[in-house]
Structure formats: structure tokens, C-alpha cells
Amino acid sequence: MGKPLRILTIIGARPQIIKAAAISHAVRTQFQGRITETLLHTGQHYDNNMSQVFFDELGIPRADISLGVGSGAHGAQTARMIEGIEHELAEARHDVVLLYGDTNSTLAGAVAAAKLHIPVAHVEAGLRSFNKAMPEEVNRIVCDHCSTWLFCPTETAVKNLVREGFATDLSKPATVDRPHVVASGDVMYDNSMRFAELAAVRSNVLSELGLEHGSFILATVHRDHNTDDAGRINAVFSSLLELCRTHGLPVVLPVHPRTRKMMASLLDPNLLQAVGSEADFHMIPPMGFLDMIALERGASLVVTDSGGVQKEAYFFGRPVVVLRPETEWVELVEQGQAVLADADPGRIATAAAAFLRNGVPPCPPIFGDGHAAVAICSHLLGIKGHL
Ligand code: UD1
Ligand code: UDP
């Protein structure tokens, strides 16, 4: 056996820590001796319930390098990350920099690695909202165009890249100027399948909150587009309260720290008081992953602006009202499991009522076979001639 492939994995925000669990597990259980993984945590998310809880629950090894950049404006935060990542890449020898998704941690890793000519593997490549006002759209486009391997979770993601001029030829070794576009499946699907049974055994969140399986609404809100605009955050919260009252269903809302902060400054005091005093409106701290998937499985309806939560609802056959004008997960809308309602109270109410009345159409497996992590590791090794 030749030298192992040395991967530097960069994570920072909650969904990336969760996504990293799948490949990290595959490396330790199926690619021992052939791949080594060094984990760098930028520190973009740092509260215990936004970071450490996922290492503990999902068995992710402690980060080898913690940059501790914390929060800040986009430029300042990303710059601190680039500086820290560049320093690590100059100090240690890594063959590949592995990046997830579309956060500022992704952007920083892509820019630092590409400038030092270290090949980038992008997991969750090819997603597009076609809305460059989203910081995530800018981050993912830059990362895709700096990448040597683009691991796409869906066929739509592959098509988006082809439309941007990427070739799908895998016959020659991948380079940054001739990257490989690979339909790998979605590592989040791997995780949901792997942890669903554990969540069923370990999570008591439904009984703790007094919820009945199939009789509550799960909501999450954290997009800056919704939280940082007074009109939109008030429309979203009043819509959620209205759903709770109209349908007589509890609403469970694990509150993201950005949202917690913006609620205090932007929510109408009467609405703040109303959601705070409604017994069936459960505003709770951010959840660990096992409790979160237990809530997704138990909900009759999911209302969210999260990318990851939209998909997990689909994995568990739950309908989704999407609090955005568009989504990267267009298949869910085309097939009828999700409805785009933006922050529009009328559209939210109509879509929710229809799902609660009619249920959700079947959810075909469009996110791979639950083994995306192994596919990604195998492809990286094959390309480097390590198999
Ligand atoms: C980030 C990502 C977004 C992703 C989301 C996942 C970017 C541009 N955005 O958004 O794509 O969907 O993570 O959750 O990278 N805060 C805390 N404690 C923490 C972390 C954040 O209090 O542990 C607060 C701070 O006030 C901070 C704010 O939340 O300013 C926003 O955090 P930030 O990481 O900048 O953006 P997110 O909204 O979390
Ligand atoms: N999640 C969680 N606890 C919560 C909310 C979300 O564990 O309170 C998980 C969720 O199950 C999914 C991921 O976080 O795996 C989604 O992250 P988030 O919504 O923060 O970001 P996005 O996916 O929109 O980038």
C-alpha cells in the first residue's frame, strides 16, 4: 500500500459539522491506512449547542486545529479564516482540502487552498438558488470554480454545473482546470439513515415537550433574508402563531442564535409577548442532531428556511413549507413534497392547510443510496491512484 491520502477537512458552521460526520466515519471504519483526515474547525459556530454537541453525538473526533474566529461581518470573519487556513496549509502537508456546503468557512477554505495550489474537494457542489443576493450563492459558486472534485448530491446539481461549462468527462485525472464532476449522492442522507434508529432510542424530546407523534409542526428560521428584515421576521412569526391557533397544533421552534438576537430587536413587542405566552408555541434552544431528527420524524408538517431541514423532512417523508422565494432543492417543489411560500402569510397558510389536509406524495430516493461518503472517499483514492 502506498502513502495514505492526507485530507484536511474544514468545518465551521452547524450543518458542516453534521455533514462531516459521514466522511469522518467512513475514513475511520473503511479507509484506515489509505486516508488520513485532519480536522480544522474555523470557529464560525461556537456555542455548545451549535458545535460541540454534534461532535459528541455523532462521534466526530476532536478538531485537530481550532481557529476560533467567532462571529463578525462577512469580510472580517472570512479574512480571519483565510489567514488561519493559509497558515495551516503552509505548515503541514495536505493532499486535498475537503469543504462542505456554502458558508463563509467554505469560501475561506476554497480561496486559501486554491491560491496555494492544493486541490479542493467540494461536497454539496453544484447547488444553485440563482439568487446572488444570498451570501451562500456567492460562496458556493466561488468554491465550485476553485474545486478539483465537485461531489454533487443530486442530478440537478450536475446539470447546473454543466450549464456553467463544467465537463462530465472523468477519463483523465482531475485538475483544477479539468475538474471531476461526480454524482455522489448526499452525505446528509447517509447521516439521517445512520442516526435515525439511534435517535429513536436515545431522544426523549417528544415526551419532554408533551408532543404526540404526527400532531405538531416543526419550524426553523435563520436565513438573514428573513431574520434581519423587520417586515419578514414579523410576517414569519405571526404566520407560525396563526398556524398553531388555526390548526390547534403545537409549534416547535428551535431558535437559532441569529434569530434569537433579531427577535429581540425587530419583533413587534405585542407579537413577541404573544408567541412567548402561547402554551402550544414551544421556542426552545437549538437542538442536538438526535433530537432534531426525532422532531423531523414526528412532525406532521415542517416549516423552514433551512436547506438541511428541507432535505431531512423529505428523507423522513414529511411535507415542507419553505420560507424562501426559491430553493436549491428544486426536486422537492417539482415533485410536490415542498411548497415555496416565502415570508408571505397567505401562501404559508394555504400551503400548510393543504399539506395538513392531504398529506405528502411519496418521496423517491433522489439523494443517493445512503453511501455517499464511501463513494466520495473511493473516488478521491481512485483519482490519486491509491486504490
Ligand atoms: C451561517 C451560514 C449559513 C448557514 C448557517 C447554518 C454564512 C454566510 N452563513 O449562518 O449559510 O445556513 O450558518 O446555521 O456562512 N451566533 C451565536 N453563536 C454561535 C454562532 C452564531 O450567537 O455559535 C450568532 C452571532 O450573533 C452571529 C450570528 O449568530 O453574528 C450569525 O452567525 P453566522 O455564522 O455569521 O451566520 P449564520 O446566520 O449562523
Ligand atoms: N439542526 C439541528 N438542530 C437544530 C436545527 C438544525 O441539529 O436546532 C440540524 C438539522 O437537522 C440539519 C442541519 O442542522 O442537519 C441544518 O443546519 P442549518 O439549518 O443551521 O443550516 P442550513 O442547512 O440551512 O445551511
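Residues numbered from 1 in each chain as written. Chains lettered and ligands numbered in written order. Predicted model: local features only at pLDDT ≥ 70, side-chain atom pairs only at ≥ 80, totals over all residues. Heavy atoms only, no water.

Caption draft 1: View of the sheet that holds strand E5 (residues 120-123). Spatially, E3-E2-E1-E4-E5-E6-E7 is the arrangement adopted by the seven strands of the open sheet, whose pairing is parallel. Strands with a single pairing partner mark the edges of an open sheet, and in this sheet they are strand E3 (65-66) and strand E7 (180-183). In this fold helix H1 (residues 14-30) packs onto strand E1 (5-11), strand E2 (35-41), strand E4 (96-100) and E5, with an angle of close to 135° to the strand it touches most, E4. (Pairing = 2+ DSSP bridges. Helix = DSSP H or I, 4+ residues; strand = E, 2+ residues; numbered from the N terminus. Contact = heavy atoms within 4.5 Å. Axes fitted to C-alpha atoms, helices over the stretch in contact; angles between N-to-C directions.)

Caption draft 2: Structural context of the nonpolar core. Core analysis: the biggest nonpolar cluster contains 42 residues, and Ile23, Ile35, Tyr100, Val123, Phe151, Val187 and Leu380 have the highest contact counts within it. If one sorts the elements of this core by residue count, H1 sits on top with eight residues. Judged by nonpolar contacts, the second largest core, of 34 residues, contains Leu150, Leu161, Phe315 and Val322. (Core = buried A, V, L, I, M, F, W, Y, C linked by side-chain atoms within 4.5 Å. Buried < 20%, exposed > 50% of the residue type's maximum accessible area, 1.4 Å probe, protein only.)

Caption draft 3: Expanded view of the site of ligand 1. Around ligand 1, 19 residues are found, and the nearest of them are Gln44, His45, Asn104, Glu136 and Arg258. Measuring from an oxygen atom of ligand 1, one finds a side-chain N or O atom of His222 at 2.8 Å. Interatomic distance of 3.0 Å between a side-chain N/O atom of Lys261 and an oxygen atom of ligand 1. In the complex, 89% of the free accessible area of ligand 1, which totals 750 Å², lies under the protein chains. Sorting elements by how many residues they give to the shell around ligand 1 places helix H11 (residues 257-266) first, with three residues. Residues belonging to the shell around ligand 1 are distributed by class as follows: five nonpolar, eight polar and six charged. (Near = heavy atom within 4 Å. Polar contact = N/O pair within 3.5 Å; in protein donor to acceptor, adjacent residues only side chain to side chain. Areas by Shrake-Rupley, 256 points an atom, 1.4 Å probe, with all protein chains shown as cover. Nonpolar A, V, L, I, M, F, W, Y, C, P; charged D, E, K, R; others polar.)

Caption draft 4: Expanded view of the site of ligand 2. Taken together, the neighbourhood of ligand 2 is formed by 19 residues, with Arg223, Met287, Ser306, Gly308 and Glu312 sitting nearest. A distance of 2.7 Å separates an oxygen atom of ligand 2 from a polar atom in the side chain of Ser306. Taking Gly307, its main chain carries an N or O atom lying 2.9 Å from an oxygen atom of ligand 2. Bound to the protein, ligand 2 loses 95% of the 530 Å² it would expose on its own. Elements with a contribution of two residues or more to the shell around ligand 2: H1, helix H13 (289-298) and helix H14 (307-315). Element by element, the count of residues in the shell around ligand 2 is highest for H14, at four residues. Of the residues assigned to the shell around ligand 2, the class counts are ten nonpolar, five polar and four charged.

Caption draft 5: The packing of aromatic side chains, seen in detail. Applying the stated criterion across every chain yields a total of five aromatic pairs. Residues Phe195 and Phe289 carry aromatic rings whose centres are separated by 6.1 Å and whose planes lie at 90° to one another, so their mutual orientation is edge-to-face. Of this pair, Phe195 sits in helix H7 (residues 187-202) while Phe289 sits in helix H13, placing them 94 residues apart in sequence. Phe195 gets classed as buried once you look at its relative accessible area, which sits at 4%. Three or more aromatic residues link up through ring pairs in this structure, and these residues are Tyr189, Tyr314, Phe315, Trp329 and Phe367. (Phe/Tyr/Trp six-rings, centres within 6.5 Å; stacked < 30°, edge-to-face > 60°.)

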